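Structural features, examined
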Amino acid sequence: MNNSQQRGADRPRARGTDRSLARRAELIAIGRKLFADTSYDALSMDDIARQAHVAKGLIYYYFKSKRGYYLAIVEDSVADLVSRAAGGLELPPVERVHRTIDGYLRYAEHNQAAYRTIITGGVGFDTEVQAIREGVREVIVETIAEGAYGRRKIAPLPRMALLGWLYSVEGATLDWIGHPILPRDTMRELLVKMLGGAMRAVEELDPSYLAPPDARRDA
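Residues numbered from 1 in each chain as written. Predicted model: local features only at pLDDT ≥ 70, side-chain atom pairs only at ≥ 80, totals over all residues. Heavy atoms only, no water.

1. Comments concerning the pattern of salt bridges
Counted by the stated rule, this structure contains 16 salt bridges. A salt bridge links R188 to D185; its shortest N-O distance comes to 3.0 Å. Taken together, the positions of R188 and D185, both in helix α10 (residues 184–205) and three residues apart, correspond to about one turn of that helix. When its relative accessible area of 17% is taken as the criterion, R188 is described as buried. On the accessibility criterion, D185 (43% relative accessible area) is partly exposed. In this structure, a network of salt bridges that share partners links the residues D102, R106, E109, R184, D185, R188 and E189. (Salt bridge = Lys/Arg side-chain N within 4 Å of Asp/Glu carboxyl O. Helix = DSSP H or I, 4+ residues; strand = E, 2+ residues; numbered from the N terminus. Buried < 20%, exposed > 50% of the residue type's maximum accessible area, 1.4 Å probe, protein only.)

Printed below as a string of structure tokens:
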């Protein structure tokens, strides 16, 4: 079996009835918590079935394998995060940047297990899981770029700066939800100011990418 066939074999099956969709969503919600608290390799299908209080065959029915189950959980979590962070299209650019960061933090705060699943994962260097994570990062970088520079596609230098900032956001957010000493508003403003610093550095290296007025020290 080649790689593409294997990926297809691991993909969960679509089930069309409302009842089956609700059951599938319930299993995904259970899986979010299980994989957030325990590593992927440490959980067997028997463990998952026992902790979820379902027959193991039910999980196989909907997801075909443990990996298929895990991929469904990651993809569902990512869809929620992207929806929360990438909204606010009607807002002015600077307000949209603030809303994106605030939405990101709100999601992490209220969906801690799902957020940890997205960021920390549990399947080692699984290329498909990594592709899912990179996809959500790309969406958020493009959302910030559109708010800051008025376009989603930007040159390698500003893109690298925004990506580096986002990686620092992920680490800081993981620590914040584990030790929520700072209020969310303070955390948001800290991340906004860190973003401003990244944008000023980009402008110094490439003056064609001007930092937004709110990111300037003399604003």
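Once the structure has been displayed, the description carries forward.
2. A closer look at the side chain of K66
For K66, the position within the fold is in helix α5 (residues 66–85). For K66, the residues in contact, after removing those within four places along its chain, are F35, Y40, D41, L43, M45 and I48. (Contact = heavy atoms within 4.5 Å.)

3. A word on the nonpolar core
Core analysis: the largest hydrophobic core is formed by 59 residues, its most contacted members being I101 and I144. With sequence-adjacent residues up to four places away left out, I101 is seen in contact with I144, W165, R188, L191, V192 and L195. (Core = buried A, V, L, I, M, F, W, Y, C linked by side-chain atoms within 4.5 Å.)

4. Re the packing of aromatic side chains
Under the counting rule described, the total for this entry stands at five aromatic pairs. Ring geometry for Y62 versus F63: centroids 6.2 Å apart, planes at 50°, classification tilted. With a relative accessible area of 5%, Y62 lands in the buried category. For F63, a relative accessible area of 0% translates into the label buried. Arranged with centres 5.2 Å apart and planes meeting at 90°, the rings of Y149 and Y209 form a pair that is edge-to-face. Taken together, the residues Y149 in helix α8 (residues 127–149) and Y209 in the segment after α10 connect sequence positions 60 residues apart. (Phe/Tyr/Trp six-rings, centres within 6.5 Å; stacked < 30°, edge-to-face > 60°.)

5. Focus: the packing of helix α6 (residues 93–110) against α10
It is the contact of α6 with α10, at a shortest axis distance of 10 Å, that shows an interaxial angle of 135°. When the axis of α6 is compared with that of α10, the two are oblique. Relative to α10, α6 is oriented so that their crossing is right-handed. Contacts between α6 and α10 involve V97, H98, I101, D102, L105, R106, E109 and H110 on the former and, on the latter, R184, M187, R188, E189, L191, V192 and L195. For the contact of α6 with α10, a count of residues per class yields seven nonpolar, two polar and six charged. (Axes fitted to C-alpha atoms, helices over the stretch in contact; angles between N-to-C directions. Parallel < 35°, antiparallel > 145°, perpendicular 65-115°, else oblique. Left-handed = near helix turned anticlockwise from the far one by under 90°. Nonpolar A, V, L, I, M, F, W, Y, C, P; charged D, E, K, R; others polar.)

6. What to know about the environment of L163
With respect to the secondary-structure elements, L163 resides in helix α9 (residues 156–178). Along the primary structure L163 and V141 are separated by 22 residues, whereas in three dimensions their C-alpha atoms are 6.4 Å apart. Leave out the neighbours within four places in its chain, and L163 touches R137 and V141.

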